Every structure is written in C-alpha cells, then in structure tokens.
Amino acid sequence: MQNDTQPLNDTLVSKSLSAADYVPTLDAMLARTLERIDLKKQQGLRTPDELWIVDHNDVYTLGQAGKEEHILQRTDTPIIKTDRGGQVTWHGHGQLVIYWLFDLDSLKWSVRNLVSHAEQAIEDVINDCLRSSPSSSDNISAHARRDAPGVYLYADTAATDDRTSTDDNSLDNQIMLGKMASLGFKIKHGFSYHGIAINLNCDLSSFNAINPCGYAGMQMLRLSDFVAMQTDSEAQSKQQMSDSFSYETVTQKLIDNIAKRHAGLIELRAIAPK
C-alpha cells in the first residue's frame with residue numbers, strides 16, 4: 001500500500017493510498033480521527049483536515065445498521081462490517097473513494113452541510129465531464145436526491161440542449177438512469193470520517209451480488225460509459241488525450257472542487273425538497 005501526502009492549503013492535506021486493503025485503512029482512519037479529537041480536547045489544537053484518496057482492493061462493506069439480507073450472493077470478495085452509515089456497497093479498482101476527515105465544528109458545517117457539499121462536489125465534476133466530452137449525450141445530467149443519498153444520472157425527456165444547470169429542483173421531466181456515486185459518513189465528537197465512492201471505469205458486475213446501498217434492483221453506472229475515459233497506460237495521441245479523461249484527471253477535478261468548498265470558495269446550492 002503506497003502512501004503519498006500533499007498539502008492543499010494551510011488547513012487541508014490530501015493523502016493517496018493505492019491497492020489498499022479495507023481493514024488497515026479503516027483502522028488508520030479511525031486512529032487518526034481519535035488522535036485529532038484528543039489534540040483538540042486536550043490542547044485546543046486545530047489540526048489540518050485530510051482527504052484520503054483511496055484505490056481499494058475488492059471488498060464489500062456493510063454499514064453500521066446494514067442488513068445481511070442485502071447481500072444476495074457470497075463470493076470470494078471479503079465482506080467487512082464497518083462503522084459508517086448506510087447499507088452494503090462494493091469498493092474496488094476503477095472506483096474513486098475519497099474519505100473526508102474533517103473537523104466540522106471548526107468549519108462551522110452541520111452534518112447536512114457535509115452531505116450536501118459531498119453530493120454537490122460530485123455533481124459539479126460529473127456534469128463538467130459530461131459537458132466537456134463530445135461522446136456524451138446532451139440530455140444527461142447528474143443530480144442528488146433528498147430521499148436517497150448519493151448522485152444519480154438523469155435523462156431529460158424534453159431533450160433540451162441546456163446541460164449547464166445542476167438544479168435538482170427540476171427533475172419532473174427526467175428519467176433516472178441509475179446511480180453513479182454513493183456516500184456514507186461517520187461523525188465522532190464533531191469530526192467526520194468515511195466518505196464518497198464514484199464509479200469511474202470499474203467493473204460493475206461486483207454490484208450484482210448485492211442490493212447496492214440497500215436498494216433492490218438499483219442500476220449502478222460508471223462514468224466511462226458516458227464519457228471517453230482512458231482505460232490503460234498505453235501511449236495515446238494528443239488528440240485522444242484531449243478528448244478523453246483519465247482516472248487521475250477526474251480525481252484531481254474532484255479534489256480541487258472539495259478544496260474550494262473547504263476554503264469557503266464554493267457555497268452550497270439550494271437543496272431540493274423531497
């Protein structure tokens with residue numbers, strides 16, 4: 001498991017973990033959170049918040065209140081009970097996982113703020129990729145839902161050419177295609193950990209063994225089926241590079257968006273009613 005830490009600003013750092021097994025990653029994340037809580041309580045120190053960008057080895061994780069009935073088929077992939085919110089999901093290569101180790105009290109964020117910032121950051125990046133890709137459909141956009149945490153793709157039945165809006169107050173004429181990103185957090189003494197998972201170019205077949213996030217029949221989607229994404233490290237022409245995204249470029253877009261939100265440079269949009 002490789003570990004690379006980079007400062008993003010004075011109060012936020014990023015930490016990258018590749019080929020990471022789930023249990024040692026969770027143990028390290030919890031230990032770091034408890035350490036930060038202790039430093040704040042005992043010494044009044046505000047430690048930098050952290051984004052952990054993780055490439056997990058294959059694993060199914062079951063949330064704190066997760067029900068075993070949502071595991072439809074036992075495979076060779078380990079199933080780990082964890083302490084985040086939510087039901088069962090899958091993590092693995094080609095999926096972008098980002099854990100948010102944030103001091104919510106210092107940020108003056110509520111838990112609802114945290115969830116909304118996470119969902120809207122994902123919306124921003126997915127919609128930017130859809131707008132920028134010549135291979136994507138004009139009428140598809142990403143939106144969060146109040147009744148089911150995560151980010152979903154919708155097709156506009158009116159087939160308008162305007163894809164610049166990410167206002168999920170206007171989904172009446174749209175058909176949900178499926179779910180592209182999931183989220184589940186844990187809050188301890190005002191500190192968050194766990195986070196978000198976005199399917200970029202992963203093998204979606206692993207979701208067939210579960211009811212994703214507890215929803216039977218939920219169609220899981222990946223970004224590479226809607227925009228051109230590089231699937232390997234083979235040399236490509238400059239034209240191919242300019243017309244496609246890589247796992248790394250999408251990751252950087254999301255890190256940049258989250259960092260701006262953390263710094264107060266991107267404000268929350270209005271949240272749609274249920």
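Keep in mind that what you see is a predicted model, and the values were worked out from it rather than measured.

Thresholds applied
Residues numbered from 1 in each chain as written. Predicted model: local features only at pLDDT ≥ 70, side-chain atom pairs only at ≥ 80, totals over all residues. Heavy atoms only, no water. Helix = DSSP H or I, 4+ residues; strand = E, 2+ residues; numbered from the N terminus. Buried < 20%, exposed > 50% of the residue type's maximum accessible area, 1.4 Å probe, protein only. Contact = heavy atoms within 4.5 Å. pLDDT = per-residue confidence, 0-100. Salt bridge = Lys/Arg side-chain N within 4 Å of Asp/Glu carboxyl O. Pairing = 2+ DSSP bridges. Core = buried A, V, L, I, M, F, W, Y, C linked by side-chain atoms within 4.5 Å. Phe/Tyr/Trp six-rings, centres within 6.5 Å; stacked < 30°, edge-to-face > 60°. Lys NZ or Arg CZ within 6 Å of the ring centre and 35° of its normal.

S.K.: What is the right way to read the overall build of the chain from this model?
M.R.: The secondary structure content of the chain amounts to 5 helices and 11 strands. Of all 274 residues assigned to the chain, the portion counted as buried reaches 52%. In the chain, of all internal contacts separated by at least 6 residues, the share reaching a separation of at least 24 is 66%.

S.K.: Would you explain the confidence of the model for the chain in this entry?
M.R.: If pLDDT is low for a region, its predicted coordinates should not be looked at in detail. Chain-level pLDDT for the chain is 90 on average; 88% of the residues reach the 70-or-more range. Counting interchain partners and residues more than four positions distant, the pLDDT-below-50 stretch residues 160-168 has 22 contacts. Low confidence marks residues 234-241, where pLDDT is under 50. Its contacts with residues over four positions away, or in another chain, come to 4 contacts.

S.K.: How should I be thinking about the pattern of salt bridges in this particular structure?
M.R.: Counted under the stated rule, the structure contains 12 salt bridges. Taking the shortest distance from any N to any O, the salt bridge between Arg-112 and Glu-119 comes out at 3.5 Å. Residue Arg-112 is classed as partly exposed on the basis of its relative accessible area of 33%. Glu-119 sits in the buried class, given a relative accessible area of 5%. For Arg-145, the salt bridge identified is with Asp-147, shortest N-O distance 2.9 Å. The network of salt bridges with common partners includes Glu-123, Asp-124, Arg-261 and Arg-269.

S.K.: In this structure, what is going on with the pairing of strand S7 (residues 95-101)? I would like to understand it.
M.R.: Put simply, side chains in a regular strand alternate between the two faces of the sheet. Counted residue by residue, S7 has 7 buried out of 7 residues, so it is predominantly covered. Side chains Gln-95, Val-97, Tyr-99 and Leu-101 project from S7 onto one buried face, and the interleaved Leu-96, Ile-98 and Trp-100 project onto a second face that is buried too. Across 5 bridges, the pairing between strand S3 (residues 49-56) and S7 is antiparallel. Each bridged residue has a counterpart across the sheet, and for Trp-52 the counterpart in S7 is Tyr-99.

S.K.: Can you walk me through the nonpolar core in this structure?
M.R.: Nonpolar side chains in soluble globular proteins generally cluster together in the buried interior. Grouped together as the largest cluster of nonpolar side chains are 43 residues, with contacts concentrated most on Trp-100, Phe-102 and Ile-126. Sort the elements by how many residues they give to this core and helix H3 (residues 111-132) lands first, with 9 residues.

S.K.: When you look at the packing of aromatic side chains in this model, what are you seeing that I'm missing?
M.R.: A ring pair, where both rings are aromatic, is described by two values, the distance of the centres and the angle of the planes. One pass over the structure, following the stated rule, counts 4 aromatic pairs. Ring centres of Trp-90 and Phe-207 lie 5.5 Å apart, and the angle between their planes is 75°; this geometry places the pair in the edge-to-face category. Here the residue Trp-90 occupies a position in strand S6 (residues 88-91), and Phe-207 occupies one in the loop between strand S11 (191-199) and helix H4 (238-243), the gap between them amounting to 117 residues. Assessed through its relative accessible area of 5%, Phe-207 is described here as buried. If you follow Lys-15 out to its NZ or CZ, it ends over the ring of Trp-52, 4.0 Å from the centre. The side chain of Arg-145 reaches across the aromatic face of Tyr-152, ending 4.9 Å from its centre.

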